[in-house]
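The primary structure of each chain is shown beneath.
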Amino acid sequence: MRACHRVVTLLLGSLGKSLGLPDGLLQGLHRIDKPSCDQARVTHAPPVSPDTISLGEHTDFGSVTVLFNQLGGLQVLKPNTREWQYVKPRPEC
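Residues numbered from 1 in each chain as written. Predicted model: local features only at pLDDT ≥ 70, side-chain atom pairs only at ≥ 80, totals over all residues. Heavy atoms only, no water.

Trainee: Even after reading the chapter, I still don't get unusual backbone geometry, so can you show me in this structure?
Mentor: Excluding glycine, residues mostly have negative phi values, and the peptide bonds linking residues are mostly trans. Not every positive phi belongs to a glycine, and Asn80 is a case in point at roughly 60 degrees. Among the secondary structure elements, Asn80 is positioned in the loop between strand 1 (75–77) and strand 2 (84–86). Judged by its relative accessible area of 84%, Asn80 falls in the exposed class. (Helix = DSSP H or I, 4+ residues; strand = E, 2+ residues; numbered from the N terminus. Buried < 20%, exposed > 50% of the residue type's maximum accessible area, 1.4 Å probe, protein only.)

Below is the structure:
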């Protein structure tokens, strides 16, 4: 969990810099040692047939989502459309 939090902190720093925010602002809102809106959620979706949806359509509601998935199955909804697209896992990522 701490390793994932370091990744999120790195991403938030880059995002904050790109947005022109004060240094450390976003990271300060996601501290691992203080109460915040940060959360860790582990979801296990067992393998199912191609005709079955294991996790229904939903939206992640955090600032950053770290996904561990080597098999695929993640889909994203393109803005202003109803077309879901698969996101292919990248090797070693």
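Trainee: What exactly am I supposed to notice about the environment of Gly13 here?
Mentor: Position of Gly13 relative to the elements: it lies in helix 1 (residues 2–18). A relative accessible area of 23% means that Gly13 is categorised as partly exposed. Taking the C-alpha atoms as reference points, Gly13 and Asp23, separated by 10 residues in sequence, lie 7.4 Å from one another.

Function-wise, these values are silent; they only describe arrangement.
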